[in-house]
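The chain contents come next:
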Amino acid sequence: MTLKEKVRLYTTSTAIKSVIKVLPKISDDRWLSLVKGRVYKLKSSGERDFLENLLVNLKKASSRISPEVRKKVVMNLINNAMIQGQPKRKAFLEKYGITPPNHLVMSPTMKCNLKCYGCYAWQYPKKDDLPYDVCNRIIDEANDIGLYFFVITGGEPFAWENLYDFLERHNDSFFQIYTNGTMITDEVAKKLAKLGNAVPCISVEGFEKETAVRRGSETWGKIMSAMDALRENGVLFGFSVTATRPNNELVVSDEFVDFFVEKGCFIGWYFNYIPIGKDPDMELMPTPEQRDFRRKRILEIRKTKDIIVADFWNDGNLVNGCMAGGKNYLHVNVNGDVEPCVFVHFAADNIKEKSLAEVLTSPFFMAFRKRQPYTENHLRPCTIIDNPQVLRDIVAETGAYSTHEGAETIVTDLAKQLDAYSCAYAKIADKVWEEQYVPNEEKQEAV
């Protein structure tokens, strides 16, 4: 890094730090002019719009969050992850010929106090956690190549005895935690407010009735109490939904979204049910028509609601197709096996035996990279439900192993059903892509 670049980064960091206390009072334009131009260049108009929406909503939320949360959002999530890490990312690109991902998902424990049907992670062993020294090394190595944003999942992360020490040790990074919410008390919320560098996203299946069916009759009250405690203590938080055939329309309804906006949610995540893990069931998957309905509603919610929403399957256009295989992210499971995606339960490398850089440049991960995007239509990004032959080819080509018993059914027993689903959805998505998305991108390129 040149002296000029070092000075520029230092100046940027100093300027950003100076606005932390006054962030709620400055204008949106002033905030965006300070941050947006220094964030690494984004390729599509959709990416730019999403980022701008995120930054503006973070500024709005800054008036209701604790001082330490505000500080860590600005310095860790924006300054470190989006700006200061860029020279390290550039150095990695120059050395290996590929860009590193922009975030990493880790499952340090599979212990959980619930037994939800259809859980994608249920089949992983629950006896032993990922060794704590390995967890720390992963973050340290990721920081070294410019990653400062991480996701902790499981299992139930709040059942992991090292969680708070871990967050404190890596206090220059930012973490999103997927949780069932039942272990978040007022005391826990106070700890998170003091640490500042974690955003819990709490799983719901709809309202009380729908959540109780999957997660148990006592969970809804605990979830509501958890959200109240987080809001009252100034912690950013959100909801996470698995969209299934029964709840698909409900979870994108005005009634549902308005309820959680009022509850204080800053972000909402949508995940299409995938037949992997506990008792895989194709009948739980939203139909192709339902998936497209959810896509349209997500776009409407973004325009009309005071919340950030993202759909892991329907937002492929924002990340130029599939995110997995180290392109944008990867998953380290409780055994240390490094999976290309939290829903692709195959691996060829183990983080206990290799460095993060070695995994990212391994034949298994490069097999995904060289095929991305799998189609020109980024509304069909996935190797599981949109391009299932791609996953089969990569597994066969690289000799990847399934990371738990039964994981192989996604490429064997369910192959014909997934092929049929992908073809049915392609008929809908290809028409939408050609009529709505391609013209917008061409218009942007002409500007």
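Refer to the structure presented above.
Each value, and the rule that gives it
Residues numbered from 1 in each chain as written. Predicted model: local features only at pLDDT ≥ 70, side-chain atom pairs only at ≥ 80, totals over all residues. Heavy atoms only, no water. Axes fitted to C-alpha atoms, helices over the stretch in contact; angles between N-to-C directions. Helix = DSSP H or I, 4+ residues; strand = E, 2+ residues; numbered from the N terminus. Parallel < 35°, antiparallel > 145°, perpendicular 65-115°, else oblique. Contact = heavy atoms within 4.5 Å. Nonpolar A, V, L, I, M, F, W, Y, C, P; charged D, E, K, R; others polar. Core = buried A, V, L, I, M, F, W, Y, C linked by side-chain atoms within 4.5 Å. Buried < 20%, exposed > 50% of the residue type's maximum accessible area, 1.4 Å probe, protein only. Pairing = 2+ DSSP bridges. Right-handed = clockwise from strand over helix to strand, strands pointing away. Salt bridge = Lys/Arg side-chain N within 4 Å of Asp/Glu carboxyl O.

**Thoughts on the packing of helix H4 (residues 67–84) against helix H8 (residues 186–195)**
The description of two helices packed together rests on the angle between their axes and the distance between the axes. It is the contact of H4 with H8, at a shortest axis distance of 6 Å, that shows an interaxial angle of 50 degrees. Viewed along their axes, H4 and H8 adopt a mutual orientation that is oblique. On H8, the residues touching Glu68, Val69 and Lys72 of H4 are Leu192, Ala193, Lys194 and Leu195. Looking at side-chain class alone, the contact of H4 with H8 contains four nonpolar, no polar and three charged residues.

**Thoughts on the nonpolar core**
If you look at the biggest cluster of nonpolar residues, it comprises 150 residues, and the most contacted ones within it are Trp31, Phe239, Phe256, Tyr270, Phe343 and Ile410. The leading source of residues in this core is H4, at nine residues. In this structure Trp31 touches Val19, Leu23, Ile26, Leu55, Val56, Lys59, Val74 and Ile78, once residues within four positions along its chain are discounted.

**Here's the deal with the pairing of strand S2 (residues 149–152)**
The side-chain alternation of S2 yields two buried faces, one formed by Phe149 and Val151 and the other by Phe150 and Ile152. Pairing of strand S1 (residues 104–106) with S2, which is carried by three bridges, proceeds in the parallel orientation. The partner of Val105 across the bridge, within S2, is Val151. Running through helix H6 (residues 132–144), the crossover from S1 to the neighbouring parallel element S2 is right-handed. For the crossover from S2 across helix H7 (residues 163–169) to strand S3 (residues 174–179), the handedness is right-handed.

**Things to note about the sheet that holds S2**
The pairing of strands in a sheet happens through backbone hydrogen bonds and is either parallel or antiparallel. Taken in spatial order, the nine strands line up as S7-S6-S5-S4-S3-S2-S1-S8-S9 in an open sheet, and their pairing is mixed. With partners counted over all chains shown, the strands left at the sheet margins are strand S7 (308–311) and strand S9 (338–339), one partner each. Note: S2 against S3, four bridges, orientation parallel. If you follow Val151 over to S3, its bridge partner there is Gln176. H6 contacts S1, S2, S3 and strand S8 (331–332) of the sheet and is inclined by roughly 175 degrees relative to S1. In the packing of helix H12 (residues 288–304) onto the sheet, the strands contacted are strand S5 (238–243), strand S6 (267–272) and S7, and the crossing angle to S7 comes to about 160 degrees.

**A look at the environment of Ile384**
Within the secondary structure, Ile384 sits in the loop between helix H14 (363–369) and helix H15 (388–398). Taking the relative accessible area as the measure of exposure, Ile384 reaches 2% and is therefore buried.

**Focus on the pattern of salt bridges**
Inspection of the entire model under this criterion finds 27 salt bridges. Across the salt bridge formed by Asp186 and Lys190, the nearest N and O atoms sit 2.6 Å from each other. One end of the pair, Asp186, and the other, Lys190, are both in helix H8, four residues apart, so they sit about a helical turn from each other. Overlapping salt bridges bring together Asp254, Asp258, Arg297, Glu300 and Lys305 as one network.

**Things to note about the environment of Ser240**
Tracing the backbone shows Ser240 in strand S5. The sequence separation of Ser240 and Met366 amounts to 126 residues, and the corresponding C-alpha distance is 30 Å. Excluding residues within four positions of it along the chain, Ser240 makes contact with Tyr178, Cys201, Ile202, Ser203, Val204, Trp269 and Phe271.

**Section: unusual backbone geometry**
Of the consecutive residues Gly154 and Gly155, the connecting peptide bond is found in the cis state with omega at 20 degrees. Tracing the chain through its elements places Gly155 in the loop between S2 and H7. Cis peptide bonds are those with omega within 30 degrees of zero, and the linkage from Gln372 to Pro373 qualifies with -10 degrees. With respect to the element layout, Pro373 can be found in the loop between H14 and H15. If you check the backbone angles, Asp279 has positive phi at about 50 degrees while not being a glycine. Counting through the fold element by element, Asp279 comes out in the loop between S6 and H12. Within the chain, Asn320 stands out as a residue other than glycine whose phi angle is a positive 55 degrees. Structurally, Asn320 is set in the loop between S7 and S8.

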